[in-house]
Amino acid sequence: MSEHVEAERLLDFISSSPSVYHVVANMAAGLERAGFTRLEEKERFHLEEGGRYFVTRSGSSLIAFTIPRGRICSARMIAAHTDSPTFKLKECPEETSSGLYTTLNVETYGGFPYSSWFDRPLSLAGRVQVAKGTGVECRLVDFARPIAVIPSLAIHQNRQVNEGQKVSVQKECKPLLCPGADKEGFRKLLAKELDVDKDDILSWDLSLVNRTAGCLWGDDDAFISSPRLDDLMCAYPAYRAIMEAEDGDKLKLIALFDNEEVGSSSRQGALSDFLSCVWDRIFASLSQGLEEKAMAEAASLMVSADNCHALHPNWSEKTDPTNKCVLNGGVAIKYSANQKYTTDSETASQVRMLCRKAGIPVQVFVNNSDVTGGSTLGNLSIRHLSVPSADVGLAQLAMHSSWETAGARDVGYITALFKAHLEA
Ligand code: ZN
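Everything numeric in this text was worked out from a predicted model, so none of it was measured.

Caption draft 1: Representation of helix α10 (residues 408-423) within the structure. Along its 16 residues, α10 runs 24 Å from first to last C-alpha, staying within 8% of the 22 Å computed at 1.5 Å per residue. All of the buried residues along α10 are Ala-408, Asp-410, Val-411, Ile-414, Thr-415, Leu-417, Phe-418, Ala-420, His-421 and Leu-422.

Listed below in structure tokens is the structure:
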């Protein structure tokens, strides 16, 4: 078996999961194959000791958990996010202003360098609501082939291109769809793909997809490059770990949230009540009362996992001078004095001990004090469920580019940490 088996599995998963809806649908299918029972939020939870369950919200967030035999006295939890920055397709997207081409009107989802989407084979994926009889059917769609390109402007027509300039999303980031003006060009293409009448398409959540296939590269395949490593590089190992973790005496739970890239404040984001609702319902279904639930909350450990910045080969001054994360350096424990990350010395020590026992290398991430870092999930999800928590992640380069780079061995390291954490 290849040294990079977990990285290869991750690449397969990313290429077969082009949108958040595919991420959750593919994980749900995998969990069902592994013996997990699907729960519906709008139905009563009938849970049993030793049972394995999962529940989704809005088709884009997922919580999976396994219940120990005996009373639940504590939990081992992992949080990560399913979404990545992209362009979302607006309603009535066809633009035909020149009369000679049809382009697509898009808006940004999250913060990212727009130019990383230029001159690449692009597709669209997501979900579509279709009228069916008197009801509505939700269909996943993945064109699974290049259908658009955002062409950059040739250097001959833009001599300042290498001198840094503002990019207008509304003007410059419209993907070219087809020659000729067709005010319903995309709607017709979508109807054909779904084999439905174009007038039965009611609404959609569709995003652009970079169709460049991810790969391992370099000496000994040391590096992994792909779209959406942030944060599928943590979400996918969490999903693998809960399926493979051995039975134990603690509740094991993974919470994978949508909308981290836009602040997490949606109904399915880390700021919602999704996790706390599921937590409450687990205890209610097992007839464990408020006192036991509160004790378990205090005795638990959450590992919140989201990628962080590696030392950049050409920009070393952007990194903290004494804590330099590198690709393939192992799991990074993330610290922030202003509590952007939840890690403290107590929770960090627990993660370090897990890694020590399992032989997993550890490094430390803190922002350079003159560089403002991004936000993440941990300090948001614990607003509703205040369990002791540590932020971890894997070091990567070009975060939020449509083509990100990380260390291939690190995928195996975080999978091993997640398994050790859930089994502790
Ligand atoms: Zn992230």
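Caption draft 2: Local environment of the coordination of the zinc ion. Donor atoms from the polypeptide that coordinate the zinc ion comprise His-81 (NE2), Asp-230 (OD), Asp-306 (OD) and Asp-306 (OD), at 2.0 to 2.7 Å from the metal. Metal-centred angles of 52 to 145° between the four donor atoms at the zinc ion mark the site as irregular. Counting along the primary sequence, the residues that act as donors to the zinc ion give the motif H-x148-D-x75-D. In this pair, His-81 sits in strand β4 (residues 75-81) while Asp-230 sits in helix α5 (residues 229-244), placing the two residues 149 residues apart along the sequence. Each member of the pair, His-81 together with Asp-230, is buried.

Caption draft 3: Broad picture of unusual backbone geometry. In the segment running from Asp-230 into Asp-231, the intervening peptide bond is cis, with an omega of 15°. By the secondary structure assignment, Asp-231 is in helix α5. Residues other than glycine seldom take positive phi values, yet Ala-144 does so here, at roughly 55°. A relative accessible area of 42% places Ala-144 in the partly exposed class. At Asn-328, a residue that is not glycine, the phi angle is positive and equals roughly 65°.

Caption draft 4: View of the environment of Asp-219. Mapping Asp-219 onto the fold places it in the loop between β11 (215-217) and β12 (223-226). Sequence separation between Asp-219 and Val-278 is 59 residues, and the spatial gap between their C-alpha atoms is 45 Å.

Caption draft 5: View of empty space enclosed by the protein. For the coordinates displayed, the defined rule picks out one cavity of 30 Å³ or more. Size it by volume and the largest cavity reaches roughly 310 Å³. If you go around the largest cavity, you meet 27 residues; those closest to its centre are Ser-84, Pro-85, Thr-86, Ser-207 and Arg-228. For the lining of the largest cavity, the secondary-structure elements that each account for two or more residues are α2 (20-33), β5 (86-95) and β10 (201-210). For the lining of the largest cavity, the leading source of residues is β10, giving six residues.

Caption draft 6: Looking closely at the domain arrangement of the chain. Split by domain assignment, the chain resolves into domain 1 (5-84 + 227-423) and domain 2 (86-210). When each unit is reduced to the centre of its C-alpha atoms, the spacing between domain 1 and domain 2 is 31 Å. Between domain 1 and domain 2, the contact holds 18 residues from the first and 18 residues from the second. Taken together, the two surfaces of domain 1 and domain 2 that pack against each other cover about 1400 Å², and 58% of this comes from carbon and sulfur. Ranking the residues of domain 1 by area buried against domain 2 places Pro-18, Tyr-21 and Ser-402 at the top, with a combined share of 38%. In this structure, the connection of domain 1 to domain 2 is made through zero salt bridges. Counting across the domain 1 and domain 2 interface gives eight residue pairs in polar contact (both at pLDDT 80 or more).

Caption draft 7: Representation of the pairing of strand β8 (residues 135-142) in the model. Bridge count between strand β7 (residues 122-132) and β8: eight bridges; the pairing is antiparallel. Paired with Lys-132 across the two strands is Gly-135, which belongs to β8.

Reading guide: rules and limits
Residues numbered from 1 in each chain as written. Predicted model: local features only at pLDDT ≥ 70, side-chain atom pairs only at ≥ 80, totals over all residues. Heavy atoms only, no water. Helix = DSSP H or I, 4+ residues; strand = E, 2+ residues; numbered from the N terminus. Expected span 1.5 Å × (residues − 1). Buried < 20%, exposed > 50% of the residue type's maximum accessible area, 1.4 Å probe, protein only. Donors = N, O, S within 2.8 Å, 3.2 Å for Na, K, Ca; no water. Tetrahedral: all angles 85-135°; square planar, octahedral: opposite > 155°, others 65-115°. 1 Å grid on protein atoms, 1.4 Å probe; cavity = no way out; pocket = protein on both sides within 12 Å on 5 of 7 lines; lining within 4 Å. Points joined across faces, edges and corners; volume = space filled by probe spheres on them. Domains from an automatic or database assignment. Contact = heavy atoms within 4.5 Å. Buried area = accessible area lost by both parts, 1.4 Å probe. Salt bridge = Lys/Arg side-chain N within 4 Å of Asp/Glu carboxyl O. Polar contact = N/O pair within 3.5 Å; in protein donor to acceptor, adjacent residues only side chain to side chain. Pairing = 2+ DSSP bridges.

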